[in-house]
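Residue-level structural notes
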Amino acid sequence: MYSINITVGEKLTDVSKSLYGLFFEDINRAGDGGLYAELLRNRAFDDGIIPEDCKYDPINKTITSPTGWVSSFDSCEAESISGWTAKNGAEMRLISNGTLNENRKRALSVEFNGGEIQNEGFGGIPVEKGKSYRFYMFAKSDVKAKVTVCLSGLNKEIYCSHSFCVEGGYKRYECEMVSAADDNNARLTLTGNTGDRVVFGFVSLFPTDTFMGRENGLRNDLVQRLLRLRPAFLRFPGGCIVEGFSKQTAFRFKDTIGPVWERKPHWLLWSYMTTNGLGFHEYLQFCEDAKIDAMYVCNCGMTCQGRCPDYFDDKLINEFLEDAVQAILYALSPADAEWGAKRAANGRPEPFSCLKYIEIGNENWGGEYDKRYGVFYKRLKELFPQLIFISTDHTERSGLKTECVDEHFYSDPIFFAANANRYDSFDRNGVDIYCGEYASTIGCKAGTLYGALGEAAFLTGIERNQDKVKMTSYAPLFKNVDCVSWEPDLIVFDNHRSYVIPSYHMLKMFAENRGDSVCRCDIVTDSERRKESGCFRLKDGTVINGNKLSGEFEKDALHIRFWDKGTDGEEQDHYDFTVENNISRVIHYNGWSSEIICDDTPFGPKELNSVEITTGCDSFDIYINGKELHSCTLSPIPHLFGVCTVDNENGEVIAKLINFSEDKVQVKLSCDRALDKDINMTVLTAPGKNAKNTFEKPNAVCPYTVHTVLPDSGMLELEPLSVNVLRMKI
Ligand code: AHR
């Protein structure tokens, strides 16, 4: 019933060294309040600044872009001074005159009256006994003000402190303090005497213990989580935040370099403000420190097409193109060239040679994209032929020169399993693929074992086809539990802890066990019929229940949904039968993904058509005007998925086997080479599809390694719902 026959002697392709990478986007406070180690919230008092080109609605707490996209503008961003409170008689207010520099639109003016102001950080400031913290502020005062900074507990215990005499115009005041205690919920307190009036232009607090000890650095524990995945590259900075939903909210690299107190903030389309402290320079620095390649995603001259797009005019497209050119020059040109000199002034004379890939746009498509992609690709490739350029749509189908296409999938686990062979039939001479964002989302928001199994099944197909699919990255990476806009996310954290979801473990198992080449493996498996259900929905919204639809339809109404589960947006799950441009087709929409179910069938619709659709549990028939147009049985879902590679150095075969079923399976393993019977096997499983990790039980789903001896019969037992990686000596 179940067997796997490995043919080491038949090499399918080399392993792609770049297959597993990271995609970082500042979503769910992944940047400020997350990976970026700044401990103060709203350090530059920018929270609440409304993007200039949007209108604020204080009643509904929303902003509306010039093209009509409405987005939430909440989190007390607009009404209070987020992160800060005044206590014991101190009074504070935001002022917009006399700020630190032109990019600082606000400063915080404080009358201390013998009291204090406090910053709560991102859900409390975590401090550790014996660890040191770097504090600095830009402040000014008309009087001689004694300002004391301290890290303190909620009950006023002081862990460390330092006093400054603030006098005259803006100056930088700094100190390093060592905490005398552990406290995950500390505060930064600034106290002053009666009569002291101080204007703060910018205030910052960092642990000295950042990744590689960098001053404007990253949270070490979170970086270690990333590095354990052995990534080959980092895609940054987004995602939709690159696109924005208005001209002002689109990403520009220039706002993200230079001294952090001079950087403009950026309203992220995920509904919070970033300081841009984690900017282009820091991303590149991280890539270099982590010894991985960098992939920069640039805005291509439009805002997000799913959010009332604004297609920029030629002048603005050109401005964004120049922004991309300058970003690349910033990374790569020598220190004596214009943009290289700016990099050198920011402390880095040598070029960042880790920059290898440029993605032109994010999730952009269609004619508007083609037009912009063509212009960007031509100019950028001419200037930087050594870089690899990635498009976000199959631009080669429009006759444009395309090197690599970024495909995204957000669906349910079954969709992933059903599409495990998606790339088997790809044109070997065609473009390369980068699977830049994917995750089991539907039914898996908490990050479940089943989600990881679906993704693992899909990845076995990708590994088999890594001559074509050269790169992948799961998305999104991070979630701060206090600010959630997208789930699931690979790494979940609060201000001092983190845990990972089962997909993380699966990816780590895959990335740690690469080998050098993919060899043939033939799998025999039982499979399960799919169980579809749902209603019919007509173009005008009419719902028809049951499993048969028949009626007369106008030519332009030939757009009928079936097996419609009544869900929309990212939860959508339905099949669309459409006739457009004399082509009839059926597409399955699942989450943010889709698959063509039936081959296109030519059909020239009449003015009026009699249509009959019948659905079974995994099959459907579509008749038009008495003639069969589509008759289809959905392919069943295999129980067993697998892929094998050969590790030359260790003389091993690596088999990745996924048992997608809820039962144990006995697999007969055979190979064209004699294999050592002693096998190391790493297994990821748990009781039940919905098993997940939490802060309380962070290891509820985590892999274990067993040493097993393969019997002469070659029968291997796989746990129900399991990802298994076997290393076998040849
Ligand atoms: O990963 C979350 C979002 O999903 C990304 O910003 C976007 O590219 C995709 O739609």
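One structure accompanies this document, and this report is about it.

Conventions adopted
- In this convention, every chain numbers its residues from 1, walking through the sequence in written order.
- The predicted origin of the model limits local features to residues at a pLDDT of at least 70 and limits the giving and counting of side-chain atom pairs to 80 or more, whereas totals for whole chains, interfaces and linings rest on all residues.
- Water and hydrogen atoms play no part in the side-chain values, which are based on all heavy atoms of the structure.
- Distances are taken per atom, and a residue is near a molecule or strand as soon as one of its heavy atoms is within 4 Å of it.
- What qualifies as a polar contact is a pair of N or O atoms within 3.5 Å, subject to a donor-acceptor requirement within protein and to the restriction that residues adjacent in sequence count only when both atoms come from side chains.
- Residues are grouped as follows: Ala, Val, Leu, Ile, Met, Phe, Trp, Tyr, Cys and Pro are nonpolar; Asp, Glu, Lys and Arg are charged; every other residue, Gly included, is polar.
- Joining through side-chain atoms within 4.5 Å is the link that ties buried Ala, Val, Leu, Ile, Met, Phe, Trp, Tyr and Cys residues into a set, and such a set is a nonpolar core.
- Three labels apply to residues, based on accessible area from a 1.4 Å probe with only protein chains included: buried if under 20% of the type maximum, exposed if over 50%, partly exposed otherwise in between.
- By the criteria applied, helices consist of DSSP H or I runs no shorter than four residues and strands consist of E runs no shorter than two, each listed in order from the N terminus.
- In this analysis, two residues are considered to be in contact whenever any of their non-hydrogen atoms come within 4.5 Å of each other.
- The criterion for strand pairing is that DSSP finds at least two bridges linking the strands in question.
- Axes here mean lines fitted to C-alpha atoms, for a helix over just the part in contact, with angles spanning 0 to 180 degrees between N-to-C directions.
- Residues are called lining when one of their atoms sits within 4 Å of a cavity or pocket point, these points coming from a 1 Å grid over the protein atoms alone, where a cavity is a set in which a 1.4 Å probe fits but cannot get out and a pocket is an open set with protein on both sides within 12 Å along at least five of seven lines.
- Grid points are joined across faces, edges and corners, and a volume is the space filled by probe spheres set on the points.
- By the definition used in this description, the sense in which the near helix is turned from the far one sets the handedness, with an anticlockwise turn below a right angle giving left-handed and a clockwise turn giving right-handed.
- When the centres of two rings from Phe, Tyr and Trp lie within 6.5 Å, Trp using its six-membered ring, the rings pair. Their planes under 30 degrees apart give stacked, over 60 give edge-to-face, and anything left gives tilted.
- Working rule: Lys NZ or Arg CZ, within 6 Å of ring centre, within 35 degrees of ring normal, means a charge sits over the ring.

Once that is clear, we can look at the site of the ligand. By nearness alone, every residue bordering the ligand is listed as Glu25, Ile27, Gly239, Cys240, Trp270, Asn362, Glu363, Tyr410, Glu437, Ala475, Pro476 and Trp486. Measuring from an oxygen atom of the ligand, one finds a side-chain N or O atom of Glu437 at 2.7 Å. Tallied by class, the residues present in the shell around the ligand amount to seven nonpolar, two polar and three charged.

A few words on the nonpolar core. Counting 140 residues, the largest nonpolar core has Phe280, Tyr296, Phe376, Leu380 and Phe478 as its most contacted members. Here the element with the most residues in this core is helix α4 (residues 314–332); it accounts for ten residues. In contact with Phe376, other than residues within four places in its own chain, are Cys298, Asn299, Cys300, Gly301, Ile317, Phe320, Leu321, Ala324, Ile360 and Lys381.

This next bit is on the sheet that holds strand β21 (residues 404–411). Within the open sheet, the eight strands sit side by side as β2-β15-β18-β19-β20-β21-β22-β23. Their pairing is parallel. In this open sheet, the two edge strands, each paired with only one partner strand, are β2 (22–23) and β23 (469–472). Sheet topology places strand β22 (residues 432–440) next to β23; three bridges connect them, and they run parallel. Bridge pairing in β23 links Cys435 to Thr472. Packing of helix α8 (residues 449–464) onto the sheet brings it into contact with β21, β22 and β23, and relative to β22 it is tilted by some 170°.

So, about the layout of surface pockets. Taken as a whole, the second largest pocket holds about 650 Å³ of empty space. Contributing to the lining of the second largest pocket are 28 residues, with Arg214, Glu215, Asn216, Gly217 and Glu282 lying nearest its centre. Looking at the lining of the second largest pocket, the elements that each hand over two or more residues are β11 (132–152), β12 (158–178), β14 (197–207) and α3 (280–290). A per-element tally of the lining of the second largest pocket places α3 first, with five residues. Residues belonging to the lining of the second largest pocket are distributed by class as follows: ten nonpolar, eight polar and ten charged.

To characterise two packed helices, one gives the angle between the axes of the helices and the distance between these axes. Two numbers describe how α4 lies on helix α6 (residues 366–383): the axes approach to 11 Å, and their chain directions differ by 35°. For the pair α4 and α6, the crossing hand works out as right-handed. In this structure, α4 contributes Asp314, Ile317, Phe320, Leu321, Glu322, Ala324, Val325 and Ile328 to the contact, and α6 contributes Lys371, Arg372, Val375, Phe376, Arg379, Leu380 and Leu383. Among the residues making up the contact of α4 with α6, the classes are represented as ten nonpolar, no polar and five charged.

Here Asn103 shows up in the loop between β7 (91–95) and β8 (107–111). With a relative accessible area of 19%, Asn103 lands in the buried category. A polar side-chain atom of Asn103 sits 2.7 Å from the main-chain carbonyl oxygen of Glu262. When neighbours within four sequence positions are excluded, Asn103 is seen to be in contact with Glu262, Arg263, Lys264 and Pro265.

Here we take up empty space enclosed by the protein. If you walk through the whole model with that rule in mind, you get four cavities of 30 Å³ or more. Looking at the largest cavity, its volume works out to about 110 Å³. Contributions of two or more residues to the lining of the largest cavity are made by β2 and α9 (502–512). Here the residues of the lining of the largest cavity sort into eleven nonpolar, three polar and no charged.

Two elements, strand β37 (residues 619–624) and strand β38 (residues 627–633), share six bridges in a ladder whose sense is antiparallel. Directly across from Tyr623, in β38, lies its bridge partner Glu628. Hairpin connection of β37 to β38: two residues between the antiparallel strands, including Asn625 at a positive phi of 50°.

Enumeration according to the criterion identifies 48 aromatic pairs in this entry. Seen from their ring centres, Phe253 and Tyr330 are 5.8 Å apart, and the 65° between their planes marks the pair as edge-to-face. Placement of the pair is Phe253 in the loop between α2 (240–243) and β16 (266–268) and Tyr330 in helix α4, with a sequence separation of 77 residues. For the pair Phe253 and Tyr330, a shared accessibility class is recorded, and that class is buried. Here the aromatic rings of Phe562 and Trp563 are separated by 5.4 Å at their centres, their planes lie at 55°, and the arrangement is tilted. Here the two residues Phe562 and Trp563 agree in accessibility, since each one is buried. Arg497 extends its terminal NZ or CZ atom over the ring of Phe695, reaching a point 3.9 Å from the ring centre.

Read these as layout, nothing more, since geometry by itself doesn't imply function.
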